[in-house]
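# Understanding the architecture of this molecule
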Amino acid sequence: MAIACVTTRASLGVEAPEVTVEVHLSNGLPAFNLVGLPETSVKEAKERVRSALINAGFEFPQRRITVNLAPADLPKQGGRYDLPIAMGILAASKQIPDINLKEHEFVGELALSGEIRPCQGLLPVIVAARKQNKTLVMPLGNRTDAELVGYQHSIFASHLQGLSAYLHGQQSLPSINQGLEWLAPEAETQDKCLSDVIGQYQAKRALEIAAAGNHNLLFLGPPGTGKTMLASRMMQLLPPLSYDEALEVAAIHSVAGHSIPVSQFYQRPFRSPHHTSSSISLVGGGGQPKPGEISLAHRGVLFLDEVAEFPRKVLDCLREPMETGEVVISRAAAKLTFASRFQLIAAMNPSPCGDTANARATPDQIQRYLSRLSGPFIDRFDLTIDVPRLADGTLTQTQPTSETSTMVAKRVHSARERQLSRAGVLNAELTGKQLSQTGGFSQSDLEFLEQSVNKLDLSVRSYHRLQRVARTIADLAESPNVERSHIAQALGYRAMDRLLSSLKSPY
């Protein structure tokens, strides 16, 4: 019986479930049937495989060919199934030995000439093959992906003839270098240093606190005061990713069709979508669900400039992922989960004309403008900072020497290490139970904070967020316990609450 089985892997979000390609050759009129829930791009593999085999010098069987992609209920899309289908036909027709296929997994798209072309989103495939300890045969053009994972049992093929010779034991195929080592990333040039920002000492301090505790931050101020400039300096304050975190980020970008250069493997992502972005581009989705901007910002920073210009329903889509750290996309074909543990930094003007001191905007107009941000969305910012205009003469006066990003980053890294050693997570991720156990708050200070929250008419969520910010301030001060001054400083970073309170009618 002419039958062969070849193993490959599908794409299901950031997962790569195993797929068995079963090829059966039977007597009858020549036909080529492909079953197993294939998408259009997979159905077209019949013509690509036929031409590739003939042009590579192989015999295409003039028999009834049935190809089953199991499991049958898993949708398959893309050209990655071309190579395993071709290998199955060659094995079933006895043109290559099938005994060598058992310990191999194949993935790749075929050109009509028999060349093996690279595919998108193969990083999860390499990770899954490493877990199963299978030898993965993949296109030579995806070599960078294999080097990122560092899987030694990856071999690269560029043509069907060379792959056939390898399976016959006649030649070897290239793999990743055995002595491959990660080089220490070179020190980045401080082209965006915090010392370039003139004045705005409170905003710089808030940026340091946000970086140390992974807090969400909102800059509120008139145009030209340096809000975007401050946000762009955040990346120099954050520590590099660990290897597991970097691989997790690279897998998401690979699924989205983006490649991460080796030199930027350990860099945290910084995403800055335009305010015309739709909810699908921000959260993710589509007919074949892809990760959106919030997932591409996983383990990094999502910066929303002119956040009030975003549609309100788009911003409200961020509320749940900001709390859970993941986004679940449900479609008729599949239900996918993408990690989205990002740090949100936003910037906006306090009024439609740019400044609340401008007489062109009435309090009612300002309130309508600020109402574009829902209360629950604003509530998810740990710090809201006023970035005012600089005082007269500030630009022309000789400025004192300001701290560089490197100096601030050292304090940020030390504070993060204290948080991880104390609770295992950063302060922004502390639960209410962890705050009570490891927060270091006295009962009198908690009562003071509760009275302040009630007086400012804040939510219970804000009560816990203020505790987390105060804990971060104490960590930066290398204080084991949270003092009353740390709580008072955290309460001072509530510029949006003060603005909304000043707009309330006295009647």
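All figures in this text were calculated on a predicted structure; none of them were measured in a lab.

### Concerning the environment of Leu491
Along the chain, Leu491 falls in helix H20 (residues 484–491). Distance in space between the C-alpha atoms of Leu491 and Gln467 is 9.7 Å, their sequence separation being 24 residues.

### Focus: helix H21 (residues 495–502)
Ala495, Met496, Asp497 and Leu499 are the residues of H21 that are buried. On its buried face, H21 is in contact with strand E10 (217–220), strand E17 (343–348), helix H14 (363–370), helix H15 (375–378) and strand E18 (383–386).

### Comments concerning the packing of aromatic side chains
As enumerated under the stated definition, the model contains five aromatic pairs in all. Grouping aromatic residues by their ring pairs yields a cluster made of Tyr243, Phe265 and Tyr266. Geometry around Phe448 places Arg484 over its ring, the cationic atom sitting 4.5 Å from the centre.

### Some remarks on the pairing of strand E8 (residues 135–139)
Consecutive residues of a regular strand have side chains that alternate between opposite faces of the sheet. Counting buried positions over the five residues of E8 gives five, a clear majority of the element. Direction of pairing for strand E5 (residues 104–106) relative to E8: parallel, over a ladder of three bridges. The partner of Glu105 across the bridge, within E8, is Leu136. Bridging between E8 and strand E9 (residues 154–157) involves four bridges; their strand directions are parallel. Its bridge partner lying in E9, Met138 is registered against Phe156.

### Comments concerning the nonpolar core
Leu217, Phe219, Met234, Ile345, Leu383 and Ile385 are the most contacted members of the largest nonpolar core, which has 44 residues in total. Setting aside residues up to four positions removed in sequence, Leu217 forms contacts with Ala206, Leu207, Ala210, Leu344, Ile345, Ala346, Phe381, Leu383 and Ile385.

### Looking at the environment of Leu90
Turning to its location among the elements, Leu90 is positioned in helix H3 (residues 82–92). On a C-alpha basis, the gap between Leu90 and Ser164 in space is 9.1 Å, while along the polypeptide they are 74 residues apart. When neighbours within four sequence positions are excluded, Leu90 is seen to be in contact with Leu53, Phe58, Gln95 and Ile96.

### What about the pattern of salt bridges?
One pass over the full model with this rule turns up 26 salt bridges. The salt bridge involving Arg48 is made with Asp82; its shortest N-O contact spans 2.6 Å. Linking Arg48 in helix H2 (residues 45–55) with Asp82 in helix H3, this pair joins segments that are 34 residues apart in sequence. Take Asp82: its relative accessible area is 0%, and that puts it in the buried class. Put simply, Arg422 and Asp475 hold a salt bridge, and the shortest N to O gap is 3.0 Å. Of the two residues, Arg422 is situated in helix H16 (residues 405–423) and Asp475 in helix H19 (residues 460–476); the sequence distance between them amounts to 53 residues. Via salt bridges that share partners, Glu323, Asp379, Arg380, Asp382, Arg461 and Arg465 belong to a single interconnected network.

Scoring rules and cut-offs
Residues numbered from 1 in each chain as written. Predicted model: local features only at pLDDT ≥ 70, side-chain atom pairs only at ≥ 80, totals over all residues. Heavy atoms only, no water. Helix = DSSP H or I, 4+ residues; strand = E, 2+ residues; numbered from the N terminus. Buried < 20%, exposed > 50% of the residue type's maximum accessible area, 1.4 Å probe, protein only. Contact = heavy atoms within 4.5 Å. Phe/Tyr/Trp six-rings, centres within 6.5 Å; stacked < 30°, edge-to-face > 60°. Lys NZ or Arg CZ within 6 Å of the ring centre and 35° of its normal. Pairing = 2+ DSSP bridges. Core = buried A, V, L, I, M, F, W, Y, C linked by side-chain atoms within 4.5 Å. Salt bridge = Lys/Arg side-chain N within 4 Å of Asp/Glu carboxyl O.

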